[in-house]
Amino acid sequence: MGAIVLGILLGLGILNSPRAAAAIQQLEEAPGQMIYQSRQSLKDQHGNTWQAIAFKRIRSDGKTSFDLRLVCFPGVTEIDHSQPLTLVNSLGKKLAADDTSNNLFAETAKPEPNVGQYNLQPLLPQLQAEIPLKLSVSTIKREVIHLSIPPSLIQEWQAVFSYA
């Protein structure tokens, strides 16, 4: 009898552990300034690995921002920072996130070519967690890099966004 119940539970997926979600990290950047972030590795259409870091910054004056930083290995590609990040869901809804890469490093006026940062704050409320996304990143060689974003990652971004 126990083997039958165990078989049913495994068949229903109740005892299967869900895909491990990345932990949301909390960092204090400066007194009264907090960052909440999620980090995930993604593969593009060529099999190259990208780090996707979604983060909410809460400044000491209460102002908030929510950005997505995309990082690939140096020398793999060079991001065209004059172009927005395009987000298209599986239903065909298209959104564009402004490039904020110039805010990355205080010591340089020009961002690293393998790092892009985009303002997702105005778009996040429009994303439906149950609908997968495809991100499109333009390169200076006029190639478009595609990254697939599963619903679980959208949910994670929304969780980071909801932190106070």
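Please refer to the structure placed before this passage.
Throughout what follows, the structure given in this document is the object of discussion.

With that settled, consider the overall build of the protein. When you go through the protein residue by residue, the secondary structure sums to two helices and nine strands. Residues counted as buried form 37% of the 164 residues belonging to the protein. By sequence separation, contacts in the protein at least 24 residues apart represent 53% of the contacts at least 6 residues apart. Surface summary for the protein: the accessible area is close to 9,500 Å², and the carbon and sulfur share equals 55%.

Taken as a whole and judged by the stated rule, the model has two aromatic pairs. When the ring of tyrosine 36 is compared with that of tyrosine 163, the centres are 4.8 Å apart and the planes differ by 35°; the resulting orientation is tilted. Note that tyrosine 36 is positioned in strand β2 (residues 33-43) and tyrosine 163 in the segment after α2 (151-162), a separation of 127 residues in sequence. Under the relative-accessibility criterion, tyrosine 36 is labelled buried at 7%. Tyrosine 163 gets classed as partly exposed once you look at its relative accessible area, which sits at 33%. Judged by centre distance (5.5 Å) and plane angle (85°), the rings of phenylalanine 66 and phenylalanine 161 are edge-to-face. One end of the pair, phenylalanine 66, is in strand β4 (residues 64-72); the other, phenylalanine 161, is in helix α2, with 95 residues separating them in the sequence. Looking at phenylalanine 161, the relative accessible area reads 26%, which means it is partly exposed. Positioned above the aromatic ring of phenylalanine 161 is the side chain of lysine 56, whose terminal nitrogen or guanidinium carbon lies 5.6 Å from the ring centre.

Here α2 is twelve residues long and its end C-alpha atoms lie 17 Å apart, about the 16 Å a rise of 1.5 Å per residue gives. For α2, the set of buried residues is Leu153, Ile154, Glu156, Trp157 and Val160. An end-on view of α2 places all buried positions within 155° of arc, on one side of the element. Elements in contact with the buried residues of α2: β2, β3 (49-58), β4, β8 (133-138) and β9 (144-149).

So, about the pairing of β2. Here is the key point about a regular strand: its side chains alternate between the two faces of the sheet. Of all eleven residues that make up β2, eight are buried, and the element is covered over most of its length. The sheet contact formed by strand β1 (residues 25-30) and β2 spans five bridges and is antiparallel. Each bridged residue has a counterpart across the sheet, and for leucine 27 the counterpart in β2 is isoleucine 35. Hairpin remark: β1 followed by β2, antiparallel, with two residues in the connecting loop; positive phi at glycine 32, about 80°.

Rules and cut-offs
- Residues numbered from 1 in each chain as written.
- Predicted model: local features only at pLDDT ≥ 70, side-chain atom pairs only at ≥ 80, totals over all residues.
- Heavy atoms only, no water.
- Helix = DSSP H or I, 4+ residues; strand = E, 2+ residues; numbered from the N terminus.
- Buried < 20%, exposed > 50% of the residue type's maximum accessible area, 1.4 Å probe, protein only.
- Contact = heavy atoms within 4.5 Å.
- Areas by Shrake-Rupley, 256 points an atom, 1.4 Å probe, with all protein chains shown as cover.
- Phe/Tyr/Trp six-rings, centres within 6.5 Å; stacked < 30°, edge-to-face > 60°.
- Lys NZ or Arg CZ within 6 Å of the ring centre and 35° of its normal.
- Expected span 1.5 Å × (residues − 1).
- Arc of directions from axis to C-beta.
- Pairing = 2+ DSSP bridges.

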